Amino acid sequence: MTKTIIFVIMGVILGIIIGFLSRKYIAEAKIGSAEDRAGKIVDDAKKEAENKKKEILLEAKEESIKTKNELEKEVRERRNELQRTERRLIQKEETLDRKADSYERKEEILNKKIEDIEVLKAEIEKISAKELLELEKISGLTCEEAKNYLLAKIEDEVKHEATVMIKDIESKAKLEAEKRSREIVANAIQRCAVDHVTETTVSVVQLPNDEMKGRIIGREGRNIRALETLTGIDLIIDDTPEAVILSGFDPIRREIARVALEKLIVDGRVHPTRIEEMVEKAKKEVETIIRDEGEAATFETGVNGLHPELVRYLGKLKYRTSYGQNVLKHSIEVSHLTGLMAAELGLDVNLAKRAGLLHDIGKSVDHEVEGSHISIGVQLCRKFKESDIIINAVEAHHGDVDPTSIYAVLVQAADAISAARPGARRETLESYIKRLEKLEEIADNFKGVEKSFAIQAGRELRIVVIPEAVTDEDMTLLAREISKKIEEELEYPGQIKVNLIRETRAVDYAK
């Protein structure tokens, strides 16, 4: 039994030893296999790293070669550019050298001319001194005596002018006294003073640019012909920058043409069909303005109950002038004056204002209907059922028939006051043009005058003199002589400024 136990124990121990040894052998075999795999992985990694290294080196080499080629190309281009710049600089240097030589030659020529001029100047001074002595011998006066004689003559002229000024001041004082003696009439006129519009036959339309002129003219002039045909107004397209001039004696047609042209400029589409549309729109717009102006006139004067057509005819007076005075403004002023005088006399103010407002109604269509503006106005008043008092006031306001009521007399007086207001009416275009032409003619007849221009409506005469014929010292005397000639030969309001211009020019040419 004991032996059996011993054998069992020894068997167990032997099994344990054998198991331990077998496990050790298996573990060692696994470790060896793992080391082999690890070595293989390391070798593969080294090979892959070598391949990557070669690829990177190859790419770096290619990039280096590419960069080198680009740098070489840029260097070549810069070198070529420097060579071109160098050639240009050399050419400029040669040009500058040639110009410098040319300037030196010109300077030599100028110096020689200056020397010649100095010689001529000395000769002229000798001749001038000799001639001065001759003049002194001929006149029997020395230079100083001649100067004193001229000064004495100028002094006499100044005294004469002072006398004229004194008389002018005295005349103004008398006029002032006369104005004060008519204080009542002056106050009445002042209370209803209105603006005055000068007579004109042209209108100016501003353009955004000069290119618009070509579009207004159109191909072969079709646009401008269409506009002139539809409006009856002449279009003047000249060298005036950014402007077109509309010329015509009918102010309503001219206004229609102006409105239509401004609409075409804003629209930008300029062709015959569009022109026709815009002219129609302009006619409607001007008709609206006419009615609005007529209603504004009746509202301003307080005249109510007028026939709508009479209101329309009143509005048309906005575009009519008489001796430069706007007829609508004149009619409103006459209405106010008639009303003021009627109030002072205790009469019907509304009836008086109505007669004053309608007295020139015939002028709205006197260029369209045969007859004087008085006969036309009477016909219109009868047509639209105005009273006999109004009709007689219209018919008698110029004294063609006898007045039958005090209202007609008041209209006559108010019409005369409005027309006689200082500055209310201008001289006619014909006499105005003749006066300007006469002014220029007087100046042109003087020796040494090259050209004269009457400007600022004849209030200034600008004269260009020949610098070789008139010296700076002569200009004062010449201006005085021209002024005296104008005073002797012309009648004119106010005063005329005589302005002389002497200009010396030096001209040369760069070659």
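Refer to the structure presented above.
## Remarks on the overall build of the protein
When helices and strands are tallied, the protein shows 15 helices and eight strands. Among the 511 residues that make up the protein, the fraction classed as buried is 28%. In the protein, of all internal contacts separated by at least 6 residues, the share reaching a separation of at least 24 is 59%.

## Structural notes on the pattern of salt bridges
Oppositely charged side chains may form a pair once their charged atoms are brought near each other. Inspection of every chain in the model, using the stated rule, returns 20 salt bridges. With a shortest N-O distance of 3.0 Å, Glu-285 and Lys-263 are connected by a salt bridge. Note that Glu-285 is positioned in helix H7 (residues 272-301) and Lys-263 in helix H6 (residues 251-267), a separation of 22 residues in sequence. Across the pair Lys-363 and Asp-360 runs a salt bridge whose closest N-O atoms are separated by 3.7 Å. Asp-360 carries the same exposure label as Lys-363, and that label is buried.

## A closer look at the nonpolar core
Counting 33 residues, the largest nonpolar core has Leu-306, Ile-361, Leu-380 and Ile-390 as the members making the most contacts within it. When sequence neighbours within four positions are dropped, the list of residues in contact with Ile-390 reads Leu-351, Arg-354, Ala-355, Leu-358 and Cys-381. If you look at the next biggest cluster of nonpolar residues, it comprises 27 residues, including Met-212, Ile-233, Val-259 and Val-279.

## Regarding the packing of helix H11 (residues 373-383) against helix H12 (residues 388-396)
Relative to each other, H11 and H12 sit at 170°, their axes nearing to 8 Å. Taken as axis vectors, H11 and H12 run roughly antiparallel relative to one another. For the pair H11 and H12, contact is made by Ile-374, Gly-377, Val-378, Cys-381 and Arg-382 and by Ile-390, Ile-391, Val-394 and Glu-395, respectively. Along the lines of polarity and charge, the residues of the contact of H11 with H12 split into six nonpolar, one polar and two charged.

## Some points on unusual backbone geometry
In this structure, Glu-220 is a non-glycine residue whose phi angle is positive, near 55°. On the basis of relative accessibility, which here comes to 72%, the residue Glu-220 falls in the exposed class. In this structure, Lys-385 takes a positive phi of about 65° despite not being glycine. Here Lys-385 shows up in the loop between H11 and H12. On the accessibility criterion, Lys-385 (73% relative accessible area) is exposed.

## Brief notes about the packing of aromatic side chains
Under the counting rule described, the total for this entry stands at one aromatic pair. When the ring of Tyr-313 is compared with that of Phe-384, the centres are 6.4 Å apart and the planes differ by 50°; the resulting orientation is tilted. Taken together, the residues span a long stretch of sequence, with Tyr-313 in helix H8 (residues 308-316) and Phe-384 in the loop between H11 and H12 at a distance of 71 residues. According to the relative accessible area criterion, Phe-384 is buried, its value standing at 11%. Taking the ring centre of Tyr-313 as reference, the NZ or CZ of Arg-312 above it sits at 5.8 Å. The side chain of Lys-318 reaches across the aromatic face of Tyr-319, ending 5.8 Å from its centre.

## Considering a negative patch on the surface
On the surface, Glu-93, Glu-94, Asp-97, Asp-101, Glu-104, Glu-107 and Glu-108 cluster together to form a negatively charged patch. Relative to the assigned elements, Glu-104 resides in helix H1 (residues 2-139). In this structure Glu-104 comes out as partly exposed when scored by relative accessible area, which is 46%.

## Remarks on the sheet that holds strand E8 (residues 497-502)
Sheet architecture is open: three strands sit in the order E6-E7-E8, paired in mixed fashion. With partners counted over all chains shown, the strands left at the sheet margins are strand E6 (449-455) and E8, one partner each. Between one strand axis and the next, the sheet turns by 20° as a mean value, whatever way the strands run. The sheet contact formed by E6 and strand E7 (residues 460-465) spans six bridges and is antiparallel. Opposite Ser-452, over in E7, you have Ile-463 as the bridge partner. Each of E6, E7 and E8 touches helix H15 (residues 472-489); the most contacted strand, E8, lies at about 150° to it.

## Some words on H8
Taken across its nine residues, H8 has seven buried, putting it largely inside the fold. The set of residues buried in H8 consists of Leu-310, Val-311, Arg-312, Tyr-313, Leu-314, Gly-315 and Lys-316. Buried residues along H8 sit against H6, H7, helix H9 (327-345), helix H10 (349-358) and H11.

## With respect to the packing of H6 against H7
The interhelical angle for the contact between H6 and H7, taken along N-to-C directions, is 125°, at an axis separation of 8 Å. Here H6 lies oblique to H7, going by the angle between them. Crossing of H6 over H7 shows right-handed handedness. Counted together, Ile-252, Glu-255, Ile-256, Val-259, Ala-260, Lys-263, Leu-264 and Asp-267 of H6 and Arg-274, Ile-275, Met-278, Val-279, Ala-282, Lys-283, Glu-285, Val-286 and Ile-290 of H7 form the full contact between these two elements. Residues belonging to the contact of H6 with H7 are distributed by class as follows: 11 nonpolar, no polar and six charged.

## What about the side chain of Thr-301?
Relative to the elements of secondary structure, Thr-301 occurs in helix H7. We classify Thr-301 as buried; its relative accessible area is 2%. Apart from residues lying up to four places away in sequence, Thr-301 is in contact with Ile-332, Ser-335, His-336, Lys-353 and Leu-357.

## Section: the side chain of Arg-274
With respect to the element layout, Arg-274 can be found in helix H7. Residue classification places Arg-274 among the buried positions, given a relative accessible area of 13%. With residues near it in sequence (within four places) discarded, Arg-274 still touches Leu-264, Asp-267 and Arg-269.

## A closer look at the environment of Gly-294
Among the structural elements, Gly-294 can be located in helix H7. Once the C-alpha coordinates of Gly-294 and Gly-315 are considered, the two residues, 21 residues apart in sequence, prove to be 3.8 Å apart. Setting aside residues no more than four positions away along its own chain, Gly-294 makes contact with Val-311, Leu-314 and Gly-315.

Here is what the cut-offs are and how they apply
- Residues numbered from 1 in each chain as written.
- Predicted model: local features only at pLDDT ≥ 70, side-chain atom pairs only at ≥ 80, totals over all residues.
- Heavy atoms only, no water.
- Helix = DSSP H or I, 4+ residues; strand = E, 2+ residues; numbered from the N terminus.
- Buried < 20%, exposed > 50% of the residue type's maximum accessible area, 1.4 Å probe, protein only.
- Contact = heavy atoms within 4.5 Å.
- Salt bridge = Lys/Arg side-chain N within 4 Å of Asp/Glu carboxyl O.
- Core = buried A, V, L, I, M, F, W, Y, C linked by side-chain atoms within 4.5 Å.
- Axes fitted to C-alpha atoms, helices over the stretch in contact; angles between N-to-C directions.
- Parallel < 35°, antiparallel > 145°, perpendicular 65-115°, else oblique.
- Nonpolar A, V, L, I, M, F, W, Y, C, P; charged D, E, K, R; others polar.
- Phe/Tyr/Trp six-rings, centres within 6.5 Å; stacked < 30°, edge-to-face > 60°.
- Lys NZ or Arg CZ within 6 Å of the ring centre and 35° of its normal.
- Patch = residues over 30% accessible without salt bridge, like charges linked within 9 Å, V, L, I, M, F, W, Y side chains within 5 Å.
- Areas by Shrake-Rupley, 256 points an atom, 1.4 Å probe, with all protein chains shown as cover.
- Lys, Arg positive; Asp, Glu negative; His and termini not counted.
- Charge placed at Lys NZ, Arg CZ, Asp CG, Glu CD.
- Pairing = 2+ DSSP bridges.
- Left-handed = near helix turned anticlockwise from the far one by under 90°.

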